[in-house]
Amino acid sequence: MTEPTILAHALDDLATPYRSHTCGALRADDAGAAARLAGWVHRRRDHGHLIFLDLRDRYGLTQVVVDAREAPEAHAVATGARPEDVLSVAGTVARRLAGTENARLATGEIELRASELTVLARAETPPFYINAPDAPVDESLRLRYRYLDLRREPLRDRLLLRAALVRAIRDAHHRAGFVEIETPILIKSTPEGARDFIVPSRLQPGTVYALPQSPQQLKQLLMVAGMDRYFQIARCFRDEDLRGDRQPEFTQLDLEMSFVAEATVMDFVEAMIVEVSRSVVPERPILEVPFPRFTYPEALERFGSDKPDLRFGMELVDLAAALGPVPSGFRVFDETLAAGGRVKGIVAPGLGDASRSRIDELTAFARRHGARGLVHVAVAADGSAHSPVGKFLGEERLAALVAAAGAAPGDLLLVVADRSEIVADVLGRLRQQLGLDLELADPNVLAYCWVHRFPMYQWDRDNGRWDATHNPFSGVVPEDEPLLVTASGDPYRPSIDDPAGRARAMQYDVALNGWELGGGSVRIHRRDLLERSFALQGYALEKMHELFGGMLEAFDFGAPPHGGIALGIDRWAALLAFQTNIREVMAFPKTQSGSDLMLGAPSVPDAGQYAELGLRHLGVEQALRALREERATGDRG
């Protein structure tokens, strides 16, 4: 038997010295056959001379019957078996008695009549029930005993879904001619948009490595190296505040392609996403293929978000025209429009009879996110409009607002008046929250979309420079390249009046059900243009060579036009598994404070470890004081 045939055979039957089959493999056709199973005791039911054991492994569950009359020694052992003990059981497969089948189990038509039972390991009483998957368990307890939590069906199934997702991603890329290449974990610290985790070097005291926030420069260098199509399931690290969709270490699909335009990358990624989604969750429909594509300004105008949830409508509506050309009489609206601001609204279906307390909650939500207030207009069953600002606007204008917004009887129109960016952000957040509260989105639907043509830069008032909206290597839309100049004419003296502020980047994000799934761009591949962009971002020539010299030098040796994207594996798996927290699809995640409750990390190092690295622990207060002093006297250039 050849080696590949042996491997295929082993993967097919999963037999080991402890088992001939897994606990999910046996069926009615196996009745009469001898079999040996190994696994954990899921449940034990003692009926005197008959003991029933549900034996579990990750493949499934099989009922084992131990009869004192048939196998007295095995029965004696089973008498002392406890939940989560690890057993190996040999016996004969038998059909269950008519009427006792369990249709909820794949193995529900059979049972194993035990002739031999061996205890492989005893288990203490678990801190929570493994066999009650729906029982509420405090998350800190789940994380403290994560290896037990992973035995429970919901988390086990989510990890298996994640594995299927990664396998489908790999298959799709290999078929498309991509080369899977691993990049280093210890790299140089460079600005990537978040704080680096740093690792002091013992061999070169006083220096540090950084853990990669992404393999950005490395994947671009692989394009310079001629690899043409690269991908990697990459581990990445960011030292930033945590939330439901963020962990200090995470996994992303990282890919890069040579000789491409924006559409080349987007078309491939979209086809890959469709193929992978239909492979991993074939029962979940994709809302629209091809995916809708919105420019960044269009997404903000219509949805107030650059990651819109398209499973429901409730689009933002401009209400300025409905107020008319003359002052409305409501000071907030009039002053906002006169100052160049916006008056926009959304329609909450069926909330026309919302209570005063509910309106107060919505108003508080809007104010919490930057709005000065929230105007509401309720549409009664007879179509009449009612609002606290009606005394200023009058019935005619109220009716015009309702008509412009498309509000129907029983609906509630919510209006924000402010600067354009605040209006978009507040209404976008309200739209998302109300979509959840009112259950407007079909949870089974996968609504992917693209948002592209982002602004190239945003002005950093504190540091007097332009910051890249995505990453510093993103390419500019070709017709906007002439805008990458300063008003002063000196590339190292950027200002808020620079034409560069109007430039659009060849950047694209893909969103899923209101979450950003990933983002990428076609990159700058010319050294002169990259240096010009770095100058706008506030880097002196010496500094950009210090931070990015390897890439700048590489571009001198011929770099192909290239672009790529990174998709969050954790987020994608969470959304496919109906989760809103990526910890639920990670085997060993950290808490909100970045702690590993199971292994006790982070931990205080031994004094000897500091000494080996040439370091001395100052304490937090002293270290912060020293840092402030250094920044106060340091050279900001």
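Everything below is about the structure shown above.
So, here's what we can say about the structure. Starting from 1, residues in each chain are numbered consecutively following that chain's sequence as written. pLDDT decides what is reported in this predicted model: residues at 70 or higher carry local features, side-chain atom pairs at 80 or more are listed and counted, and totals for whole chains, interfaces and linings draw on all residues regardless. For the side-chain quantities, the full set of heavy atoms in the structure was used; hydrogens and water were omitted.

1. Some points on a nonpolar patch on the surface
- The patch calculation keeps residues exceeding 30% relative accessible area without a salt bridge and links them within 9 Å when they carry like charges or within 5 Å when they are nonpolar (Val, Leu, Ile, Met, Phe, Trp, Tyr). Only the protein chains shown count as cover for residues, and the accessible areas themselves come from Shrake-Rupley with a 1.4 Å probe. A pair is scored as a salt bridge if a Lys or Arg side-chain nitrogen falls within 4 Å of a carboxyl oxygen belonging to Asp or Glu. The grouping of Ile-185, Leu-186 and Tyr-209 at the surface amounts to a nonpolar patch, some 250 Å² of accessible area in total.
- Residue placement: Ile-185 occurs in the loop between strand S6 (179–180) and strand S7 (198–200). Elements are defined by DSSP. Helices are runs of H or I of four residues or more, strands are runs of E of two residues or more, and each kind is numbered from the N terminus.

2. Some thoughts on the packing of aromatic side chains
- Side-chain rings of Phe, Tyr and Trp, where Trp is taken by its six-membered ring, are said to pair if the distance between their centres is within 6.5 Å; with planes under 30 degrees apart they count as stacked, over 60 as edge-to-face, and otherwise as tilted. Applying the stated criterion to the full structure yields 15 aromatic pairs.
- Centre to centre, the rings of Phe-294 and Phe-303 are 5.3 Å apart; their planes meet at 70°, and the pair counts as edge-to-face.
- Residue Phe-303 is classed as buried on the basis of its relative accessible area, which comes to 3%.
- Put simply, the rings of Phe-473, Phe-534, Tyr-539 and Phe-548 touch in pairs and so form one group of aromatic residues. Each residue's exposure class comes from its accessible area (1.4 Å probe, protein chains only) as a fraction of the maximum for that residue type: buried when under 20%, exposed when over 50%, partly exposed otherwise.

3. A word on the sheet that holds strand S3 (residues 60–67)
- When DSSP locates at least two bridges between a pair of strands, those strands are taken to pair. Taken in spatial order, the five strands of this closed barrel run S1-S2-S3-S5-S4, and their pairing is mixed. Averaged over neighbouring strand pairs, the angle between their axes works out to 55° when direction is ignored.
- Relative to S3, strand S2 (residues 50–57) runs antiparallel, the two sharing eight bridges. Bridging from a neighbouring strand, Asp-57 pairs with Gly-60 of S3. Helix axes use the C-alpha atoms of the stretch in contact, all axes being lines fitted to C-alpha atoms, and the angles between their N-to-C directions lie in the range 0 to 180 degrees.

4. Digging into the environment of Ala-611
- Assignment of secondary structure puts Ala-611 in helix H17 (residues 607–612).
- Along the sequence, Ala-611 and Arg-202 sit 409 residues apart, while their C-alpha atoms lie 9.4 Å from each other.

5. Overview of the pattern of salt bridges
- Scanning all chains against the criterion turns up 52 salt bridges.
- Between Arg-526 and Glu-481 there is a salt bridge, and its shortest N-O distance comes to 3.1 Å. One end of the pair, Arg-526, is in the loop between strand S21 (515–522) and helix H14 (527–536); the other, Glu-481, is in the loop between strand S19 (465–468) and strand S20 (507–512), with 45 residues separating them in the sequence.
- The structure contains a network of salt bridges with shared partners spanning Arg-142, Arg-146, Asp-149, Arg-152, Arg-158 and Glu-584.

6. What about helix H12 (residues 390–405)?
- In this analysis, the expected span of each helix is defined as 1.5 Å times one less than the number of residues it contains. Between its first and last C-alpha, H12 extends only 16 Å over 16 residues, short of the 22 Å set by a 1.5 Å rise per residue.
- Most pronounced at Glu-396, the bend in H12 amounts to some 70°.
- For H12, every residue scored as buried is listed here: Gly-390, Leu-393, Arg-397, Leu-398, Leu-401, Val-402 and Ala-405.
- With its phi angle positive at about 75°, Gly-406 sits one or two positions after the end of H12. Take the seven residues that end at a residue and the seven that start at it, fit an axis to each, and the angle between those axes is the bend at that residue.

7. Re the pairing of strand S4 (residues 86–95)
- Buried residues dominate S4, accounting for seven of its ten residues.
- As defined by bridge partners, strand S1 (residues 34–47) adjoins S4 across seven bridges and the pair is classed as antiparallel. Residue pairing in the sheet places Leu-37 in a bridge with Val-89 of S4.
- Note that S4 and strand S5 (residues 110–121) share ten bridges and pair antiparallel. Along S5, the bridge assignment pairs Gly-91 with Ala-114.

8. Considering the sheet that holds strand S15 (residues 385–386)
- An order of S12-S13-S16-S14-S15 is seen for the five strands of this open sheet, with the pairing classed as antiparallel. Where the open sheet ends on each side, the last strands, each with one partner, are strand S12 (317–318) and S15.
- Two residues form a contact once any of their heavy atoms are found within 4.5 Å. Where helix H13 (residues 420–437) meets the sheet, it contacts strand S13 (342–348) and strand S16 (412–418), and its direction lies at approximately 5° from that of S13.

9. Overview of the side chain of Glu-270
- Relative to the elements of secondary structure, Glu-270 occurs in helix H7 (residues 262–280).
- Look at Glu-270 and you get buried, because its relative accessible area is 7%.
- Within 3.5 Å is the distance limit for a polar contact, defined as a pair of N or O atoms, with the added protein rule that one can donate a hydrogen and the other accept it, and that residues adjacent in sequence qualify only through two side-chain atoms. A distance of 2.8 Å separates a polar atom in the side chain of Glu-270 from the backbone nitrogen of Phe-291.
- What Glu-270 contacts, discounting residues up to four positions off in sequence, is Pro-290, Phe-291, Arg-293 and Trp-450.

10. Considering the nonpolar core
- In this text, buried Ala, Val, Leu, Ile, Met, Phe, Trp, Tyr and Cys residues form a nonpolar core when linked through side-chain atoms within 4.5 Å. Counting 49 residues, the largest nonpolar core has Val-269, Met-272, Tyr-448 and Trp-572 as its most contacted members.
- When residues in this core are grouped by element, the largest group, nine residues, is from H7.
- In this structure Tyr-448 touches Ile-273, Ser-277, Ile-286, Phe-291, Pro-292, Leu-310, Ala-511, Leu-512, Leu-517, Trp-572 and Leu-576, once residues within four positions along its chain are discounted.
- In this structure, Tyr-457, Leu-529, Tyr-539 and Ala-559 belong to the second largest nonpolar core, which totals 24 residues.

11. Regarding the packing of helix H5 (residues 153–175) against helix H16 (residues 569–576)
- The geometry of H5 relative to H16 is characterised by a closest axis approach of 10 Å and an angle of 120° between their N-to-C directions. Compared by their axis directions, H5 and H16 come out oblique. H16 is crossed by H5, and the crossing has right-handed handedness. On H16, the residues that touch Leu-161, Arg-162, Leu-165, Val-166 and Ile-169 of H5 are Ile-569, Asp-570, Trp-572, Ala-573 and Leu-576.
- Residues are grouped as follows: nonpolar covers Ala, Val, Leu, Ile, Met, Phe, Trp, Tyr, Cys and Pro; charged covers Asp, Glu, Lys and Arg; every other residue, Gly included, is treated as polar. A breakdown of the residues in the contact of H5 with H16 according to their chemical character gives eight nonpolar, no polar and two charged. Here the angle decides the label: under 35 degrees means roughly parallel, over 145 means roughly antiparallel, 65 to 115 means roughly perpendicular, and every other value means oblique. Take the far helix as your reference; a near helix turned counterclockwise from it by less than a right angle gives a left-handed crossing, and one turned clockwise gives a right-handed crossing.

12. Notes on the environment of Ala-404
- When you line up the elements, Ala-404 lands in helix H12.
- The exposure class of Ala-404 is partly exposed, given its relative accessible area of 37%.
- Setting aside anything within four residues of it in sequence, one finds Ala-404 in contact with Val-317, Leu-319 and Ala-322.

As far as function goes, none of this settles anything; it's purely spatial.
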